[in-house]
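Examining the three-dimensional arrangement
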Amino acid sequence: MGCGVKVQTEDPGKIGFAPASALEKETIICQRCFRLKHYNEVQDVDLTDDDFLKILNEIGKSDALIVMIVDIFDFNGSWLPGLHRFVGSNKVLLVGNKVDLLPKSVKHNKLIHWMKQEARELGLRAEEVFLVSAAKGLNIKETAAAIDNIRNGKDVYIVGCTNVGKSTFINRIIKEVTGEADVITTSHFPGTTLDIIEIPLDDEKAIIDTPGIINHHQMAHFVDKKDLKVITPKKEIKPKVFQLNEGQTLFFGGLARFDYVSGGRRSFVCYVSNDINIHRTKTENATELYEKHVGEMLTPPREEQLGSFPELVKQEFIIKDAKTDIVFSGLGWITVNEPGAKVVAYVPKGVQTLIRKSLI
Ligand SMILES: Nc1nc2c(ncn2[C@@H]2O[C@H](COP(=O)(O)OP(=O)(O)OP(=O)(O)O)[C@@H](O)[C@H]2O)c(=O)[nH]1
Ligand SMILES: [Mg+2]
């Protein structure tokens with residue numbers, strides 16, 4: 001099982017390699033899965049976006065139920081833009097995973113309603129929408145039951161972009177049914193699963209894990225592997241409230257910058273990983289401060305990354321509606337409660353910023 005690649009003992013330079021001695025073990029996994037599992041280390045592979053897209057394109061030709069998973073902490077960034085191309089005429093369920101990261105006060109019904117609205121705007125007609133935590137096992141039984149109901153005797157494909165928790169979700173379902181844990185390799189590195197993995201169901205059909213599609217505009221692709229842990233929240237995010245005057249700026253490490261331009265003194269609620277350092281300064285000093293301190297006080301990025309780290313590019317937003325989020329794709333968002341503010345959001349060139357109706 002592991003990453004979906006067939007184990008081979010011939011070529012250490014190719015995926016699926018395991019030393020011959022590993023074949024005597026009870027569960028056989030490749031070297032890459034072994035290292036992911038035991039050392040939290042990832043070996044790079046030379047598969048391209050096209051290789052993964054090819055795998056997904058097969059789905060459109062099959063008669064199956066599609067379950068699309070998104071990371072609720074990075075809803076827009078983890079959306080699969082071309083989903084309709086893979087779906088064909090198949091039904092789709094939408095699952096928002098990692099709900100454990102949101103403050104406990106968040107009402108699940110409201111959030112599901114919000115997801116339905118956003119999904120519709122993004123062009124997806126989902127049969128049903130669920131909110132789960134694959135890691136914590138929340139709502140898994142209910143969702144699995146609904147999947148089994150709606151699939152109507154067909155195969156089930158679990159799709160989504162990298163790192164949304166597809167494999168963790170399937171592992172949870174396997175655990176509920178058979179008691180066996182961690183059948184599929186999972187990790188916090190994007191691109192863990194390399195090929196489809198079929199988990200047989202009891203009617204000769206299967207639930208099928210797929211490799212994640214890489215969304216290149218996600219912040220995860222701009223930070224050093226060692227800093228993925230800093231930007232990815234691991235537990236419930238504690239919102240941080242800042243009272244800002246016009247002309248004040250917030251830095252999120254050195255990855256994002258937020259200028260408050262006009263709209264009178266007001267509060268901004270930041271939802272980012274608890275491990276990200278937020279630094280407040282005057283806007284007039286911000287550019288100089290960044291140039292001086294990026295890579296040390298303002299980190300990530302790391303100092304050794306600076307040669308290749310993209311410049312921050314800005315986008316101005318005028319907040320017209322009450323309860324609006326300014327989203328830094330993959331890093332988090334800032335909620336503005338009252339309309340009438342003018343702000344500027346900066347992210348590394350290539351990362352997305354957007355505004356949306358507030359999620360919380
Ligand atoms: N907080 C939280 N983290 C989760 C949850 N589910 C998965 N994760 C974490 O998200 C990361 C990615 O999980 P995977 O299951 O490997 O994701 P995937 O979608 O299979 O990723 P690829 O195989 O790369 O496409 C891991 O670090 C998981 O521990 C969840 O419900 N809550
Ligand atoms: Mg996976």
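My aim in this report is to walk through the structure given alongside it, one point at a time. (Residues numbered from 1 in each chain as written. Chains lettered and ligands numbered in written order. Predicted model: local features only at pLDDT ≥ 70, side-chain atom pairs only at ≥ 80, totals over all residues. Heavy atoms only, no water.)

**Thoughts on the layout of surface pockets**
By volume, the largest pocket amounts to about 1100 Å³. Going through the elements one at a time, α1 (31-39), α6 (166-178) and α7 (228-231) are the ones with two or more residues in the lining of the largest pocket. Looking at the lining of the largest pocket, the element that brings in the most residues is α6, giving 4 residues. (1 Å grid on protein atoms, 1.4 Å probe; cavity = no way out; pocket = protein on both sides within 12 Å on 5 of 7 lines; lining within 4 Å. Points joined across faces, edges and corners; volume = space filled by probe spheres on them. Helix = DSSP H or I, 4+ residues; strand = E, 2+ residues; numbered from the N terminus.)

**Some remarks on the coordination of the magnesium ion (ligand 2)**
Donor atoms from the polypeptide that coordinate the magnesium ion (ligand 2) comprise S167 (OG) and T193 (OG1), at 2.0 to 2.2 Å from the metal. Taken together, the positions of S167 in helix α6 and T193 in the loop between α6 and β5 (197-200) put the pair 26 residues apart, joining distant regions of the chain. Pair check on accessibility: S167 and T193 agree, each one buried. (Donors = N, O, S within 2.8 Å, 3.2 Å for Na, K, Ca; no water. Buried < 20%, exposed > 50% of the residue type's maximum accessible area, 1.4 Å probe, protein only.)

**With respect to the side chain of S133**
As for its placement among the helices and strands, S133 is situated in the loop between β3 (128-131) and α5 (140-151). Look past the residues within four positions of S133 in its chain and what remains in contact with it is N97, K98, V99, D100, L138 and I140. (Contact = heavy atoms within 4.5 Å.)

**A short note on the environment of T281**
For T281, the location among the structural elements is in strand β11 (residues 278-282). Counting along the chain gives 12 residues from T281 to H293, while the straight-line C-alpha distance between them is 13 Å. Here T281 is in contact with G247, Q248, T249, F251, A286 and L289, once residues within four sequence places are set aside.

**Quick look at the state of the cysteines**
By definition, a disulfide links two cysteine residues through a covalent bond between their sulfur atoms. Scanning the model with the defined rule gives 0 disulfides in all. This cysteine, C161, is not joined by any disulfide, and C3 carries the nearest cysteine sulfur, 19 Å off. Here C161 falls in the buried class, since its relative accessible area comes to 0%. (Disulfide = S-S within 2.5 Å.)

**Re the sheet that holds strand β10 (residues 266-272)**
Read across the open sheet, the 5 strands follow the order β7-β10-β14-β13-β16; overall the sheet is antiparallel. Sheet topology places β7 (240-244) and β16 (353-357) at the edges, where each strand pairs with a single neighbour. Neighbour-to-neighbour, the strand axes of this sheet turn through a mean angle of 25°, independent of strand direction. (Pairing = 2+ DSSP bridges. Axes fitted to C-alpha atoms, helices over the stretch in contact; angles between N-to-C directions.)

**Notes on the packing of aromatic side chains**
Considering all chains together, one arrives at 9 aromatic pairs under this definition. Relative to F268, the ring of F258 lies with its centre 5.2 Å away and its plane at 70°, an arrangement referred to as edge-to-face. Linking F258 in strand β9 (residues 256-262) with F268 in strand β10, this pair joins segments that are 10 residues apart in sequence. As far as the burial class goes, F258 and F268 line up, both buried. Ring geometry for Y271 versus W333: centroids 5.2 Å apart, planes at 20°, classification stacked. Separated by 62 residues along the polypeptide, Y271 in strand β10 and W333 in strand β14 (residues 332-336) bring together distant segments of the chain. In this structure, Y271 and W333 share a single accessibility class: buried. Put simply, the rings of F73, Y271 and W333 pair up and form one aromatic cluster. (Phe/Tyr/Trp six-rings, centres within 6.5 Å; stacked < 30°, edge-to-face > 60°.)

**What about helix α8 (residues 283-293)?**
The complete set of buried residues in α8 reads A286, L289 and Y290. For α8, the arc enclosing every buried residue in end-on projection is 100°, short of the 170-degree limit, so these residues lie on one face. For α8, the exposed residues lying more than 90 degrees away from the buried face are E284, E288, E291 and K292. Of the surrounding secondary structure, the elements contacted by the buried residues of α8 are β8 (248-252), β9, β11 and β12 (312-318). Downstream of α8 by one or two residues, G295 has phi in the positive range, about 95°. (Arc of directions from axis to C-beta.)

**Considerations on the site of ligand 1**
Residues in close proximity to ligand 1 total 23 residues, the closest being D100, K166, T168, G191 and T192. A distance of 2.7 Å is found between a nitrogen atom of ligand 1 and a side-chain nitrogen or oxygen belonging to D100. Within the backbone of H188, an N or O atom sits 3.4 Å from an oxygen atom of ligand 1. Applying the majority rule of atoms within 2 Å of the grid points places ligand 1 in the largest pocket. Here the element with the most residues in the shell around ligand 1 is α6; it accounts for 3 residues. Here the residues of the shell around ligand 1 are counted per class, giving 5 nonpolar, 14 polar and 4 charged. (Near = heavy atom within 4 Å. Polar contact = N/O pair within 3.5 Å; in protein donor to acceptor, adjacent residues only side chain to side chain. Sits in = over half its atoms within 2 Å of the grid points. Nonpolar A, V, L, I, M, F, W, Y, C, P; charged D, E, K, R; others polar.)

**Observations concerning the pattern of salt bridges**
On inspection of all chains with the given rule, the structure shows 15 salt bridges. Two residues, E236 and K104, come together in a salt bridge whose shortest N-O distance is 2.6 Å. Separated by 132 residues along the polypeptide, E236 in the loop between α7 and β7 and K104 in the loop between β2 (91-97) and α4 (108-121) bring together distant segments of the chain. The exposure class of K104 is exposed, given its relative accessible area of 68%. For R356, the salt bridge identified is with D325, shortest N-O distance 3.0 Å. Remark: D325 occurs in strand β13 (residues 324-328) and R356 occurs in strand β16; sequence separation between them is 31 residues. (Salt bridge = Lys/Arg side-chain N within 4 Å of Asp/Glu carboxyl O.)

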